[in-house]
Amino acid sequence: MSAEAADREAATSSRPCTPPQTCWFEFLLEESLLEKHLRKACPDPAPVQLIVQFLEQASKPSVNEQNQVQPPPDNKRNRILKLLALKVAAHLKWDLDILEKSLSVPVLNMLLNELLCISKVPPGTKHVDMDLATLPPTTAMAILLYNRWAIRTIVQSSFPVKQAKPGPPQLSVMNQMQQEKELTENILKVLKEQAADSILVLEAALKLNKDLYVHTMRTLDLLAVEPGMVNGETESSTAGLKIKTEEIQCQVCYDLGAVYFQQGSTNSAVYENAREKFFRTKELIAEIGSLSLHCTIDEKRLAGYCQACDVLVPSSDSNSQELTPYSQVHICLRSGKYQEVVQIFIEDNLSFTLPVQFRQSVLRELFQKAQQGNEALEEICFKVCACNTVRDILEGRTIGVQFNQLFLRPNKEKIDFLLEVCSRSINVEKASDSLKGNMAAFLKNVCLGLEDLQYVFMVSSHELFITLLKDEERKLLVDQMRKRSPRVNLCIKPVTSFYDIPASASVNIGQLEHQLILSVDPWRIRQILIELHGMTSERQFWTVSNKWEVPSVYSGVILGIKDNLTRDLVYILMAKGLHCSTVKDFPHAKQLFAACLELVTEFSPKLRQVMLNEMLLLDIHTHEAGMGQSGERPPSDLISRVRGYLEMRLPDIPLRQVVAEECVAFMLNWRENEYLTLQVPAFLLQSNPYVKLGQLLAATCKELPGPKESRRTAKDLWEVVVQICSVSNQHKRGNDGRVSLIKQRESTLGIMYRSELLSFIKKLREPLVLTIILSLFVKLHNVREDIVNDITAEHISIWPSSIPNLQSVDFEAVAITVKELVRYTLSINPNNHSWLIIQADIYFATNQYSAALHYYLQAGAVCSDFFNKAVPPDVYTDQVIKRMIKCCSLLNCHTQVAILCQFLREIDYKTAFKSLQEQNSHDAMDSYYDYIWDVTILEYLTYLHHKRGETDKRQIAIKAIGQTELNASNPEEVLQLAAQRRKKKFLQAMAKLYF
């Protein structure tokens, strides 16, 4: 449909009619009732929804006479709908806060692009290349609005969004949401690419010294009448809504500050720019005052931004009195002036300026630094904790656990400081009764918790204590203290809190052991063990936790250390390091192993080598779990250390089998085949079975492209694996005198046990190595005499086709191994079509036909972009298609059988006709006829339905034959295209059925 025809149609449909007979927005359009409707709708969100509806209608694609989807036509109706959307936004005074809150990113992007278009911004021209000062005011304002929205959207996208709870799943709604999400992501990608340009445009706007104008409903009407008129009128500053220079600069400064603040997370120097813009915004708000109609800034959020900038980049020309408490604390922590932090906290106990959460975070930071070895901070931790506790008491909260732990062993200095904090944290003359009561109760409880009468006297004689507690309360407290004397009956002793109970030696040991179990800091573990050994010399503290496990090859050496403290420390450091490595807490494991290495280097070369081996294993695990996941090769230093370990010939060094296993797997995974095949010392091949296995695998990988007769190492690898999977036969005479045969499952005939081989294979990730191992086991499975259905695999032809002594192979164990290997390989790469075919063949061989079809279809889908491309013939071979046919036949899906018969290189008409004769088919039967492209099969269907009197189904078959693209006279390319299209649709339908 041409634009003129569309215009005529729009004109025809615009005849007056009553609202119920037409879309309501068209009624508004024709009757010019938009302004009246907007006045009525405000302040409801209805106006914003009008924008969505107008733009949705204007952006609907059209369909031409050939049923092809075309872009939305540029006709009169669509232009007026876009104009109506702009008029609604003009009614809202182009307030981005309102528009962003109610419109999605794609809709607002469309609206602002329409504004740019109608404001005569040249398409394809970068905004940064345009001089705002020389542009008409409405054009400059449109550019500012767009670029402000761009950076605001970028900033908003960086905030976490709470996902809405999904309702009942509806396919159409889900598709629409997915499309909108993808569209939003694409727009955000473009906006981020243009972010630097948008920032430059807004920075240039700050240099403008003239008022700007934004389109109103009136100017938009004028544009619709005579497009050239408005810009001329605007240039003389007589059209549009006037926006003052100060208001423009205020909004732009705020938006620039927000984007600079967001960029500061990756470039801290940008925080200075953010600070400058936010403080300029504050100045402009003060100048404009509350009379501004067009400058809407969230002043609470602005204050938060300013406070954050004060902390991150405090002003250099300000003295400490002008800084906020946040900034003062931040500067003191950075410069190590911790005593000043304490003073700030004491002063804050009077003003209650700093939030409790911030004070707690400062205390946590100091605790962490103290645990890292800074002993001087222990006193600071107590002082900050005391300040926080007094603040909690004054606000009516309970005393925290940390204070009770730090005050467990009071001394004169601690009590003096606590009393100083209490005195400076309350103004007795001006304080309320509740504050006084809270402080009095706290001092009273402190007295009751102290055992030493000297300390009790220090508190009870203090001026604040005497001021806050009445005479009766003080006498009652003295009586309670007397009753605590041993000469008095203990039954009348008042019940105190748990933390006020004095700790005995056994309790202290228990608490230290608990800390020892929880701590992963080597320095702290050493300190705890020193304290424990100072309390008792009878305990073996390496036995405190039954979770501390050290391999038996190491434990004998460690427990032979004469010094008890050193023995406990080495054992616990290694046990904790091994545990951290197991749970993938590699940084703590490295700290613990490094501390242990430093310790044992002083007295035991044997344990030093043990720790070097364990640190090598830890570095391998760290790389494999980190950079190795993304395919980045390990550093050459790590590869050299692995080679060094494999070539090590130190006598009497206890070795863990897993280290050698991981080293060989590491070399195979990173394709160090040259080293494994040519450079491995000969003694290693004899002494280390994993090196022998690794060498055979590496050599087989290297020889794979060569001729079959040159694959000597493949035969050697085959013999090694056959020997591992062989069983030793033993004869046993029973009570009745008969001789019975016993099979030993885990044979010692091979270089390792089958379970060890499987454990080693599960450490490999290199696809070619896994494919070779898998094909070897598949071939070994197929050699079995009673096998009915062979399993196919890539490179299966490189292995021998027979075994001299079949009875010696445990084929049951081989079958289990094949299943485990396929499961493992698919966990490494679920999109490897060769492995998927093997899984399908396994299910086919075990009569699980539905599961087999699932994996056959999945193998085809992963290598054809979900059947949008042709499945390669080496994936869907005739054997695979025949197995799919058999699966469908045994599942009673006979129409699917007939369709699959077309996939064979030579169509199997006999099977197809026989399957179509079946009347108890469990598939959709005639709904599949559109997928048949062979005319012979369709003609047979027509005959069959005619014979049975099934008129409706016969008509469906005739309709399928009558399609022009199946005409036998068509060129071969057309026929092949028709077949390929039907193959694609059929396989996609099957996939939806079986996935």
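The model shown is predicted, which means the values in this text are computed figures rather than measured ones. (Residues numbered from 1 in each chain as written. Predicted model: local features only at pLDDT ≥ 70, side-chain atom pairs only at ≥ 80, totals over all residues. Heavy atoms only, no water.)

**Structural notes on the overall build of the protein**
Okay, step 1: The number of helices and strands found in the protein is 48 helices and six strands.
Okay, step 2: Looking at the protein as a whole, 45% of its 995 residues are labelled buried.
Okay, step 3: Here the protein has roughly 52900 Å² of accessible surface; of this, 52% comes from carbon and sulfur atoms. (Helix = DSSP H or I, 4+ residues; strand = E, 2+ residues; numbered from the N terminus. Buried < 20%, exposed > 50% of the residue type's maximum accessible area, 1.4 Å probe, protein only. Areas by Shrake-Rupley, 256 points an atom, 1.4 Å probe, with all protein chains shown as cover.)

**What to know about the packing of helix H29 (residues 564–582) against helix H30 (residues 586–600)**
Okay, step 1: Between H29 and H30, the shortest axis-to-axis distance is 8 Å and the interhelical angle comes to 155°. By the angle between their axes, H29 is roughly antiparallel relative to H30. In the packing of H29 onto H30, the handedness of the crossing is left-handed. Contact residues: H29 offers Thr566, Leu569, Val570, Leu573, Met574, Lys576, Gly577, Leu578, Cys580 and Ser581, while H30 offers Phe586, His588, Ala589, Leu592, Phe593, Ala595, Cys596, Leu599 and Val600.
Okay, step 2: When the residues that make up the contact of H29 with H30 are grouped by side-chain class, the tally is 14 nonpolar, four polar and one charged. (Axes fitted to C-alpha atoms, helices over the stretch in contact; angles between N-to-C directions. Parallel < 35°, antiparallel > 145°, perpendicular 65-115°, else oblique. Left-handed = near helix turned anticlockwise from the far one by under 90°. Contact = heavy atoms within 4.5 Å. Nonpolar A, V, L, I, M, F, W, Y, C, P; charged D, E, K, R; others polar.)

**As for helix H45 (residues 909–917)**
Okay, step 1: Within the sequence span of H45, burial applies to Ala912, Ser915 and Leu916. Mapping the buried residues of H45 onto a view down its axis gives an arc of 100°, with all of them on the same face. Of the exposed residues in H45, the ones pointing more than 90 degrees away from its buried face are Lys910 and Lys914. (Arc of directions from axis to C-beta.)

**Looking at the pattern of salt bridges**
Okay, step 1: Across all of its chains, the model carries 35 salt bridges by this definition.
Okay, step 2: Notably, a salt bridge pairs Glu395 with Arg391, separated by 3.4 Å at the nearest N-O pair.
Okay, step 3: For Arg391, a relative accessible area of 4% gives the class buried.
Okay, step 4: Of the charged contacts in the structure, one is a salt bridge between Lys590 and Asp619, with a shortest N-O distance of 3.0 Å. Note that Lys590 is positioned in helix H30 and Asp619 in helix H31 (residues 605–625), a separation of 29 residues in sequence.
Okay, step 5: Taking relative accessible area as the criterion, Lys590 reaches 39% and is therefore assigned partly exposed. (Salt bridge = Lys/Arg side-chain N within 4 Å of Asp/Glu carboxyl O.)

**Considerations on the environment of Asn427**
Okay, step 1: Note that Asn427 resides in the loop between helix H21 (412–424) and helix H22 (433–449).
Okay, step 2: Overall, Asn427 belongs to the partly exposed group, its relative accessible area being 34%.
Okay, step 3: Spatially, the C-alpha atom of Asn427 lies 7.8 Å from that of Leu350, the residues being 77 residues apart in sequence.

**What to know about unusual backbone geometry**
Okay, step 1: Here Phe867, not a glycine, exhibits a phi torsion of approximately 70°, which is positive.
Okay, step 2: Position of Phe867 relative to the elements: it lies in the loop between helix H42 (849–862) and helix H43 (878–890).
Okay, step 3: The phi torsion at Asn892 lies on the positive side, around 65°, for a residue other than glycine.
Okay, step 4: For Asn892, a relative accessible area of 23% puts it in the partly exposed group.

**Topic: the nonpolar core**
Okay, step 1: Core analysis: the biggest nonpolar cluster contains 123 residues, and Leu646, Phe777 and Tyr876 have the highest contact counts within it.
Okay, step 2: Examining the composition of this core, we find that nine residues originate from one element, helix H39 (residues 767–782), more than from any other.
Okay, step 3: Counting residues in each nonpolar core, the second largest holds 69 residues, with Leu132, Leu135, Leu220 and Leu284 among its members. (Core = buried A, V, L, I, M, F, W, Y, C linked by side-chain atoms within 4.5 Å.)

**Some points on the environment of Gly628**
Okay, step 1: On the secondary structure map, Gly628 appears in the loop between H31 and helix H32 (636–646).
Okay, step 2: Sequence separation between Gly628 and Trp670 is 42 residues, and the spatial gap between their C-alpha atoms is 9.4 Å.
Okay, step 3: Look past the residues within four positions of Gly628 in its chain and what remains in contact with it is His623, Trp670 and Arg765.

**Considerations on the packing of aromatic side chains**
Okay, step 1: As enumerated under the stated definition, the model contains 25 aromatic pairs in all.
Okay, step 2: An angle of 50° between the planes, with centres 5.8 Å apart, marks the rings of Tyr928 and Tyr931 as tilted.
Okay, step 3: For Tyr928, a relative accessible area of 8% translates into the label buried.
Okay, step 4: Through a chain of ring-to-ring contacts, the aromatic side chains of Tyr254, Phe261, Tyr271, Phe278 and Tyr305 assemble into a single cluster.
Okay, step 5: Positioned above the aromatic ring of Phe279 is the side chain of Arg275, whose terminal nitrogen or guanidinium carbon lies 4.5 Å from the ring centre.
Okay, step 6: The ring of Phe345 carries Arg359 above its face, with NZ or CZ at 4.6 Å from the centroid. (Phe/Tyr/Trp six-rings, centres within 6.5 Å; stacked < 30°, edge-to-face > 60°. Lys NZ or Arg CZ within 6 Å of the ring centre and 35° of its normal.)

**Some words on helix H46 (residues 935–948)**
Okay, step 1: Between the first and last C-alpha of H46 there are 20 Å, a value that for 14 residues agrees with the 20 Å anticipated at 1.5 Å per step.
Okay, step 2: Listed in full, the buried residues belonging to H46 are Ile937, Leu938, Tyr940, Leu941, Thr942, Leu944 and His945.
Okay, step 3: Turning to H46, the residues buried within the fold contact helix H44 (894–901), H45 and helix H47 (951–961).
Okay, step 4: Two or three places before Thr936, at the start of H46, stands the capping residue Asp934, its side-chain oxygen 3.2 Å from that residue's backbone nitrogen. (Expected span 1.5 Å × (residues − 1). Polar contact = N/O pair within 3.5 Å; in protein donor to acceptor, adjacent residues only side chain to side chain.)

**Quick word on the side chain of His945**
Okay, step 1: The residue His945 is located in helix H46 in this model.
Okay, step 2: On the accessibility criterion, His945 (2% relative accessible area) is buried.
Okay, step 3: The residues contacting His945, other than those within four sequence positions of it, are Tyr929, Glu950, Lys953 and Arg954.

**A look at the packing of H31 against H32**
Okay, step 1: Where H31 meets H32, the closest approach of the two axes is 11 Å, and the angle between their N-to-C directions is 140°. Regarding the angle of H31 to H32, the classification is oblique. Of the two possible hands of crossing, H31 and H32 adopt the one that is left-handed. In contact with Asn613, Met615, Leu616, Asp619, Ile620 and His623 of H31, H32 contributes Leu638, Arg641, Val642 and Tyr645.
Okay, step 2: Counted by class, the contact of H31 with H32 contains six nonpolar, two polar and two charged residues.

**A word on the confidence of the model for the protein**
Okay, step 1: Across the protein, the average pLDDT comes to 80, with 82% of residues at 70 or higher.
Okay, step 2: Scored below 50 in pLDDT, residues 317–321 shows two contacts in the model against residues more than four places distant or in partner chains.
Okay, step 3: Every residue in residues 739–745 scores below 50 in pLDDT, and together they form 23 contacts with partners more than four places removed in sequence or on other chains. (pLDDT = per-residue confidence, 0-100.)

**Some details on the side chain of Asn388**
Okay, step 1: As for its placement among the helices and strands, Asn388 is situated in helix H19 (residues 377–394).
Okay, step 2: Apart from residues lying up to four places away in sequence, Asn388 is in contact with Phe345, Arg359, Gln360 and Leu363.

**Let's talk about the environment of Leu448**
Okay, step 1: Among the structural elements, Leu448 can be located in helix H22.
Okay, step 2: What makes Leu448 buried here is its relative accessible area of 17%.
Okay, step 3: A sequence separation of 32 residues divides Leu448 from Gln480, and the C-alpha atoms of the two residues are 8.1 Å apart.

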